[in-house]
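Reading the structure
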Amino acid sequence: MQPKYQIQSFEEYQEKYKLAQENPEGFWAEVAEEFQWRKKWDSVCQWEFKTPDVKWFDGAKLNITENCLDRHLATRGNKLAIIWEPNDPRDRAIRLTYRELHEKVCQMANLLKKFGVKKGDRVCLYMPMVPELAIAVLAIARIGAIHSVVFAGFSAHALADRINDAQCNMVITSDGINRGNKQIPAKRVVDEALKTCPSVKTVLVKDCCGWTPHMEEGRDYWLDEEIETMSRVCQAEVMDAEDLLFILYTSGSTGKPKGVVHTCGGYMVYAAYSFSNVFQYQESDVYWCTADIGWITGHSYIVYGPLLNGATTVMFEGVPTFPDPGRFWQVCDKHGVNQFYTAPTAIRALMACGEDHVLSYSLDSIKVLGTVGEPINEEAWRWYHIHVGKEKCPIVDTWWQTETGGIMISGLGNHSPLNPTHAGYPLPGIQPILVDEKGNEITENEVEGLLCIKHPWPSMLRSTYGDHERCRITYFSHFENMYFTGDGAKRDKNGMYRIIGRVDDVINVSGHRMGTAEVENAINSNPHVVESAVVGYPHDIKGQGIYAYVITEEGCPNNENTRAEIVETVVHEIGKIAKPEKIQFVSGLPKTRSGKIMRRILRKVAEGTADNLGDTSTLLDPDVVEEIKNGYIG
Ligand code: PRX
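Numbers given for residues are sequential positions, taken from 1 along each chain in its written order. Per-residue local features of the predicted model are confined to residues with pLDDT of at least 70, and side-chain atom pairs are confined, for both listing and counting, to 80 or more; whole-chain, interface and lining totals are unaffected and use all residues. To obtain the side-chain values, all non-hydrogen atoms of the structure were included, while hydrogens and water were left out.

Some thoughts on the site of the ligand
Nearness of a residue to a molecule or strand requires only that one of the residue's heavy atoms be within 4 Å of it. The ligand sits among 17 residues. The nearest are Asp397, Thr402, Asp487, Arg502 and Arg513. Any N or O atom pair separated by 3.5 Å or less is treated as a polar contact, with the protein-specific requirement of one donor-capable and one acceptor-capable atom, and with residues adjacent in sequence counted only for side-chain atom pairs. Here Gly373 contributes a backbone N or O atom positioned 3.1 Å from a nitrogen atom of the ligand. Backbone polar atom of Thr398 to a nitrogen atom of the ligand: 2.8 Å apart, as the coordinates give it. Here the Shrake-Rupley method, with its probe set to 1.4 Å, supplies the accessible areas, and only the displayed protein chains count as covering residues. When the ligand is considered free in solution it has 540 Å² of accessible area, and contact with the protein chains removes 96% of it. Mapped onto the shell around the ligand, the elements with two or more residues apiece are α10 (296-308), β20 (395-398) and β26 (497-502). Of the residues assigned to the shell around the ligand, the class counts are six nonpolar, six polar and five charged. Strands here mean DSSP runs of E at least two residues long; helices mean DSSP runs of H or I at least four residues long; both are numbered from the N terminus. For this classification, Asp, Glu, Lys and Arg are treated as charged, while Ala, Val, Leu, Ile, Met, Phe, Trp, Tyr, Cys and Pro are nonpolar and the rest, including Gly, are polar.

Considerations on a positive patch on the surface
Like-charged residues within 9 Å of one another, or nonpolar side chains (Val, Leu, Ile, Met, Phe, Trp, Tyr) within 5 Å, are grouped into patches, provided each residue has over 30% relative accessible area and no salt bridge. Salt-bridge detection follows one rule: a side-chain nitrogen of Lys or Arg within 4 Å of a carboxyl oxygen of Asp or Glu. None of His or the chain ends enter the tally, which takes Lys and Arg as positive and Asp and Glu as negative. Taken as the charge location is NZ of Lys, CZ of Arg, CG of Asp or CD of Glu. A grouping of Arg179, Lys182, Lys576 and Lys579 is seen on the molecular surface, where their side chains present a positively charged patch. Its location among the elements puts Lys576 in the loop between α17 (560-573) and β31 (582-585).

Points about unusual backbone geometry
Cis geometry is found at the peptide bond from Thr51 to Pro52, where omega equals -10 degrees. Note on placement: Pro52 falls in the loop between β1 (43-48) and β2 (53-58). Residue Pro323 is bonded to the preceding Phe322 through a cis peptide linkage, with omega at 0 degrees. Secondary-structure assignment places Pro323 in the loop between β17 (312-316) and α11 (327-335). With a phi angle near 60 degrees, Glu391 is a residue other than glycine that sits in the positive phi range. Mapped onto the fold, Glu391 is located in the loop between α14 (378-388) and β20. On the basis of relative accessible area, Glu391 is assigned to the exposed category, the value being 55%. One non-glycine residue with positive phi stands out, namely Ser510, at about 50 degrees. One can find Ser510 in the loop between β27 (506-509) and β28 (512-515). In this scheme, a residue with accessible area under 20% of its type's maximum is buried, one over 50% is exposed, and one in between is partly exposed, where area comes from a 1.4 Å probe on protein chains only.

Topic: the pairing of strand β14 (residues 244-250)
Counting buried positions along β14 gives six out of seven residues, so the element sits mostly inside the fold. At least two DSSP bridges between two strands are needed for those strands to be called paired. Pairing between strand β7 (residues 146-149) and β14: two bridges, direction parallel. Its bridge partner being in β14, His147 is matched across the sheet by Phe246.

Some thoughts on the nonpolar core
In this description, a nonpolar core means a group of buried Ala, Val, Leu, Ile, Met, Phe, Trp, Tyr and Cys residues linked to one another through side-chain atoms lying within 4.5 Å. Ranked by internal contacts, the top residues of the largest apolar core, which has 126 residues, are Trp28, Trp37, Phe57, Leu101 and Tyr304. Take this core: its biggest share by element is eleven residues, from helix α9 (residues 264-279). An automatic or database domain assignment provides the domain bounds reported here. Lining this core are residues from two domains, each supplying at least three of them: domain 1 (12-63 + 263-499) and domain 2 (89-237). Contacts: residue pairs with any heavy atoms within 4.5 Å of one another. Among all residues touching Trp37, those that are not within four sequence positions of it are Ala32, Phe57, Ala60, Lys61, Leu62, Gly265, Met268 and Val269. Residues Leu159, Val171, Val200 and Trp295 belong to the second largest nonpolar core, which totals 47 residues.

Some points on the packing of aromatic side chains
Stacked, tilted and edge-to-face are the three classes applied to pairs of Phe, Tyr and Trp rings, where Trp contributes its six-membered ring and a pair requires centres within 6.5 Å; stacked means planes under 30 degrees apart, edge-to-face means over 60, and tilted covers the rest. Across all of its chains, the model carries 47 aromatic pairs by this definition. Summarising the aromatic geometry, the rings of Trp37 and Phe57 are spaced 5.5 Å apart at their centres and angled 50 degrees between planes, so their arrangement reads as tilted. One end of the pair, Trp37, is in the loop between α2 (24-32) and β1; the other, Phe57, is in strand β2, and 20 residues separate them in sequence. The same class applies to Trp37 and to Phe57, which are both buried.

A few points about the pairing of strand β30 (residues 543-552)
Judged by how many residues are buried, β30 sits mostly within the fold: eight of ten residues are covered. Where strand β29 (residues 529-539) lies against β30, ten bridges are found, and the strand directions are antiparallel. By the bridge assignment for β30, Ser532 is matched with Val550. Hairpin geometry of β29 and β30 is characterised by an intervening segment of three residues between the two adjacent antiparallel strands. As paired elements, β30 and β31 share four bridges and run parallel to each other. Bridge assignment links Val550 to a residue of β31, and that residue is Phe585. In this view, the connection linking β30 to its parallel neighbour β31 by way of α17 has right-handed handedness. Looking down the strands as they point away from you, a crossover is right-handed if its path from the first strand over the helix to the second goes clockwise.

Things to note about the sheet that holds β20
Spatially, seven strands are ordered β5-β4-β17-β16-β18-β19-β20 in an open sheet, and the strand pairing comes out mixed. Edge positions in the sheet fall to β5 (94-97) and β20, since each has one partner strand and no second. Strand after strand, the sheet turns through a mean of 20 degrees between neighbouring axes, direction not considered. Bridge analysis of strand β4 (residues 80-85) against β5 gives four bridges, and the strand direction is antiparallel. The residue of β5 that forms the bridge with Ile83 is Arg95. Where helices are involved, their axes are fitted lines through C-alpha atoms of the stretch in contact, as for all axes, and angles between N-to-C directions lie from 0 to 180°.

Some words on the domain arrangement of the chain
Once the domains are mapped, the chain shows domain 1 (12-63 + 263-499), domain 2 (89-237) and domain 3 (510-630). Each of domain 1 and domain 3 has a C-alpha centre, and these two points are 32 Å apart. If you look at the interface, domain 1 gives ten residues, while domain 3 gives nine residues. The term buried area refers to how much accessible surface (probe radius 1.4 Å) is lost by two components on association, counted for both of them together. Carbon and sulfur atoms make up 51% of the surface buried where domain 1 meets domain 3, a total of about 690 Å² over both sides. Considering only the side of domain 1, the residues that lose the most area to domain 3 are Trp295, Thr345 and Arg348, jointly responsible for 57% of the buried surface there. Where domain 1 packs against domain 3, one counts one salt bridge.

A word on the pattern of salt bridges
A complete count under the given rule lists 43 salt bridges for this structure. A salt bridge links Lys187 to Asp191, with the nearest nitrogen and oxygen atoms 2.7 Å apart. Of the two residues, Lys187 and Asp191 both sit in helix α7 (residues 186-194), four residues apart, roughly one turn of that helix. Through salt bridges with shared partners, a single ionic network connects Lys187, Asp191, Arg219 and Asp220.

Concerning the sheet that holds strand β11 (residues 202-206)
In space, the eight strands of this open sheet follow the order β12-β11-β8-β6-β7-β14-β15-β24, with mixed pairing throughout. Each edge of the sheet is formed by a strand with only one pairing partner; in this case those strands are β12 (220-222) and β24 (463-464). With two bridges connecting them, strand β15 (residues 258-263) and β24 associate as antiparallel partners. Within β24, the residue paired with Val261 across the bridge is Ser463.

Below, the structure written as structure tokens:
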């Protein structure tokens, strides 16, 4: 029962790639035929990258949840849709068949309606990795509302910003979050955030920890109690292909995170197509992606991609190191996981804990391994290949972004040549190009350049919520007629791509994107701080760590206490994921005469390569560089 669009060999990949390049509309129309549409499209793709204005399957009508759920009931009603593995291995796993998941989604959808949520409304999810999160995502989509999942590690302040930007009228959360041996008070964070979010009328609270948090009369309701009486039947709202499906906030080079907008039809087609092909999912396989649904990886490859293909998807509540660093491998053996998809940072963290933890599990079931989120270094790649894949499993190194909605450059299971640290070849329908600083295409191989995409693909972002101009400036204004990814890449002699990393002011900490300006804004809100500059530096486990240069007010004791206070401010403003690893106090920053901070210099110092600083003659105050070099924290 593999979908027709699943590629079966490298030769077929090459054929399909050519076909999609020559006739993108014909190619995608054929893929789209595999789905259930209430009405077919009038046109496959209309686009121009100036505004930008991109439409896929315009005129078509559908509901993505009919494709994730209803469509499978006849043939896969009793097949497991979700296997939920709890944080604590002593607790019971939850298994939901497609029929059960369908019922639960309908119940939740009816509950949302009862509280007045309508088509087009925004609902914010701030939740742990429990089945109700996936159910809520689908329920929101079922009634035509728009989900905005906020990773539950963000602070109240960051959550409030995101709720206000999208003007959400409902938040779904939990009392607390079980994470390893810690419990985190999610509801308390929501309460704090909602002090400044007047648009929110209702909060649904899932009981995860058995706590009794503050419940505001007329606003807060226990999810489990409310849902019990809801009908298990709910007609899906009929959506236009280009109606909004979700908003997902991501960091860019400016201070304010932007709400990346994805729409129903194109996202559905590409999430399903890429899942099936990259992971080479077969009907009885069990697939596990360890990401959090708070990030795009969870949206596309825990929820939508797998369910659209009728797959069994594992959802994991916990962390890789609890109760010990063998937890991932224990779960793989327990559920017979066939495809395992994780992040390089997790691999490096587990690698640092020694091989014993992985060697005590058989991992026999694994067929395909995947990585995502950041470049994988060769050492981690080899460890993953040898100890987890037992040298028999391909590793798909999947390059993509929140904005791309789905995997763009990657191997396809065992149908692609393996090349450690290389993402590889683009998927059919994806047309990457490398350009120089001026936007001239570099056509040869064995080159390096800025990675752009020159033709639209179905799951590309359509806008940034509430500010379309920002979308244009960020992605479509650098080079004419191309989507600019913000990444630099190399293309080797065989045409395989290797992603080098961001070329803009975005750093990638443990696979999480952080805008330097965003972290600087947070640091600057500390009353002792006059000015700051943030850069990334190589970090053994996290890939990149945050290095902050800080100017404090006169008389401030530049000591550990001040450092701790600054870290506290960042945790308050953004969350723990943005904690600066190193804080160097400085009396000034290297600036050009026009006042621009020369980050190149700060980056070199933070990387410990300050011997070669290049030309510093344009600096306003060259002396400050010596001081910064001398104060380097190694
Ligand atoms: O720099 C690239 C890096 O992660 C960025 C996208 O981050 P985000 O939108 O948070 O999505 C992460 C999960 C899709 C990219 O611009 N990145 C992602 N995957 C890879 C990668 N860098 C190298 N290799 C990858 N496989």
